[in-house]
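Chain by chain, the residues:
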Amino acid sequence: MVIKNALIVDSKGEREADIEIKDGKIAKIGTDLSSDEIYDAKGCSVLPGIVELNAKTCDDRVSVDSLAKLAKNSAKGGVTTVLLNPHLNPKIDDEIILEFVKSQNELNSKSDIKPMITAIKGEENEQLSEIAILLKKGAAAIYTSSDIDSSLMRRVFEYAVMYEIPLHCRAQNCSLRAGGVMHEGEVSSELGLGGIPELEENIEVAKIVEFLNRYRIETVFKSLSSARSVELVNEAKKRGFKAYAEVSIHHLVKSDEACRGYNTCAKIDPPLRDRENRELLLQMLKNGQIDFLTSLHSPKSMVQKDIAFDEAAYGVDAISLYLPIAYTYLVKSGILNMSDLTKLLCKNPAKVLGLNHGTIEEGCSADIVIFDPDKKRVVENEESLYYKEELFGEVTATFKEGRRIF
């Protein structure tokens, strides 16, 4: 197959060329390429497939239907690879669940869902999963919360060192967030809702950095929500640590003001912070201090959302609109150019997973997204955080290893 009239956009910039795809890879990039199968991308941008590092299934369920729906919606949003957050029901913490997720992925003809395992087994956080066995069985990464026993945390880091695999850490402190349901600030006070302070995240980031000081492994700080947390990660980078800051698109474009009216669509975890934090995070994004973006896709059904704010589930449905959201709020607004966006969505996350994806180059996997920047729509889904908002750009086709999946 040849993609004709392409405006190729990746981390190297923009250029016009045709793309020949053969045996699942980009075989040639040039002019006047021919094939029996032609896809005309005139007027569109051709991007690398998005690599999503932090997504969940609907209602956190591990089932045939929920995994298939995640793969389908991912492809619709230009996402060709998904790293599955393991804190589901049931958790991905043993061979049976791991093998089930892998088997469904093999049967699926859509986006590639890679299972991440949780390092801690069970609900009491008292023992490790069989990390060595699960990694040998094909787990893509190790995930841990920082809010566990320090001796267990130490052993998790030792496993990551042993297997030379990046560790994905969520900085949270359950004792400091107890009773909180949104960011602690003026809006939570006005609404009479319990607040979650920035401190609960910041102090845990500092703790993880101290483990890094000892073990010196690649560490991804998951879904950071406060500017101070990102600052701490960048201070660690300056000390020579391989630390990466992941921030969700929502924390860059929304603030806790979205919770007004007790809007449960804005109840996400970590919580949307105040406007000052959002503006600081945007500045950090422009300065290159954020390494990965995430859709933080964690959709919940209306029975879990259309209830009192205190009782509503945390979650946001975003992956099918991921690229239009990022394009509208980050590129159309002039904060980033399209090439910079592909670094955050494609190249950087692919690199941390050790994948030959993320750029449009000869020899790379043919994970490709056709994106029309001139199309626009108004979000009509009442369950969306972006309800009634106008989004620019639309994914018109997604290819996984040269196979069209959307």
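Use the structure listed above.
The rules we used
Residues numbered from 1 in each chain as written. Predicted model: local features only at pLDDT ≥ 70, side-chain atom pairs only at ≥ 80, totals over all residues. Heavy atoms only, no water. Helix = DSSP H or I, 4+ residues; strand = E, 2+ residues; numbered from the N terminus. Rg over C-alpha atoms; globule rule 2.2 N^0.38 Å. Buried < 20%, exposed > 50% of the residue type's maximum accessible area, 1.4 Å probe, protein only. Contact = heavy atoms within 4.5 Å. Areas by Shrake-Rupley, 256 points an atom, 1.4 Å probe, with all protein chains shown as cover. Lys, Arg positive; Asp, Glu negative; His and termini not counted. Charge placed at Lys NZ, Arg CZ, Asp CG, Glu CD. Phe/Tyr/Trp six-rings, centres within 6.5 Å; stacked < 30°, edge-to-face > 60°. Lys NZ or Arg CZ within 6 Å of the ring centre and 35° of its normal. Core = buried A, V, L, I, M, F, W, Y, C linked by side-chain atoms within 4.5 Å. 1 Å grid on protein atoms, 1.4 Å probe; cavity = no way out; pocket = protein on both sides within 12 Å on 5 of 7 lines; lining within 4 Å. Points joined across faces, edges and corners; volume = space filled by probe spheres on them. Nonpolar A, V, L, I, M, F, W, Y, C, P; charged D, E, K, R; others polar.

A.B. asks: Help me get a handle on the overall build of the chain, residues and values and all.
C.D. replies: A tally of regular secondary structure across the chain gives 13 helices and 20 strands. For the chain, the C-alpha radius of gyration of 21 Å lies close to 22 Å, the compact-globule estimate for 406 residues. Based on the C-alpha atoms only, the size of the chain along its principal axes is roughly 60 × 45 × 45 Å. Sorting the 406 residues of the chain into buried and exposed places 60% on the buried side. Residue pairs at least 24 apart in sequence account for 71% of intrachain contacts in the chain once pairs closer than 6 positions are excluded. For the chain, the exposed surface amounts to about 16700 Å²; the carbon and sulfur share of it is 44%. Separation of charge centres in the chain, based on 52 positive and 64 negative side chains, amounts to 3 Å.

A.B. asks: Provide a residue-level description of the packing of aromatic side chains, including the pertinent values.
C.D. replies: Under the criterion given, the structure shown has seven aromatic pairs. Summarising the aromatic geometry, the rings of tyrosine 39 and phenylalanine 399 are spaced 5.8 Å apart at their centres and angled 85° between planes, so their arrangement reads as edge-to-face. Placement of tyrosine 39 in strand S4 (residues 38-40) and of phenylalanine 399 in strand S19 (residues 390-400) is noted, with a sequence separation of 360 residues between them. Of the two residues, tyrosine 39 and phenylalanine 399, both sit in the buried class. On the basis of an interplanar angle of 15° and a centroid distance of 5.3 Å, the ring pair of phenylalanine 157 and phenylalanine 211 is categorised as stacked. Note that phenylalanine 157 is positioned in helix H4 (residues 150-163) and phenylalanine 211 in helix H7 (residues 199-215), a separation of 54 residues in sequence. For phenylalanine 211, a relative accessible area of 13% puts it in the buried group. Within the aromatic cluster, the residues linked to one another by ring pairs are Phe157, Phe211 and Tyr215. Between the NZ or CZ atom of lysine 267 and the centre of the ring of tyrosine 314, over which it lies, the distance is 4.7 Å. Here the basic side chain of lysine 332 rests over the ring of phenylalanine 392, its NZ or CZ set 4.6 Å away from the ring centre.

A.B. asks: For the nonpolar core, give the residues involved together with the corresponding values.
C.D. replies: In this structure, Leu293 and Leu341 are the most contacted members of the largest nonpolar core, which totals 101 residues. Here the element with the most residues in this core is helix H12 (residues 322-331); it accounts for seven residues. Filtering out sequence-adjacent residues up to four positions away, leucine 341 remains in contact with Leu293, Leu323, Ala326, Tyr327, Leu330, Val331 and Leu336. Within the second largest apolar cluster, 18 residues are counted, among which are Ala6, Ile8, Cys44 and Ala397.

A.B. asks: Give me unusual backbone geometry: which residues, what numbers.
C.D. replies: Cis peptide bonds are those with omega within 30 degrees of zero, and the linkage from asparagine 89 to proline 90 qualifies with 0°. In this fold, proline 90 is placed in the loop between strand S7 (79-84) and helix H2 (95-107). The step from aspartate 269 to proline 270 runs through a cis peptide bond, and the omega angle for that step is 0°. Take proline 270: it is sitting in the loop between helix H9 (249-253) and helix H10 (275-286). Positive phi outside glycine occurs at aspartate 59, with the angle close to 55°. As for its placement among the helices and strands, aspartate 59 is situated in the loop between strand S6 (50-55) and helix H1 (64-76). A positive phi is found at leucine 296, a non-glycine position, where the angle reads about 50°. Judged by its relative accessible area of 6%, leucine 296 falls in the buried class.

A.B. asks: Pulling in residues and values, what's your account of the layout of surface pockets?
C.D. replies: Computed from the structure, the largest pocket encloses a volume of approximately 770 Å³. If you trace the largest pocket, you find 36 residues lining it, with Lys56, His87, Arg170, Gln172 and Asp269 closest to the centre. Looking at the lining of the largest pocket, the elements that each hand over two or more residues are S6, strand S11 (141-145), helix H5 (174-177) and strand S15 (219-224). Looking at which element gives the most residues to the lining of the largest pocket, the answer is S11, with three residues. Here the residues of the lining of the largest pocket sort into ten nonpolar, 15 polar and eleven charged.

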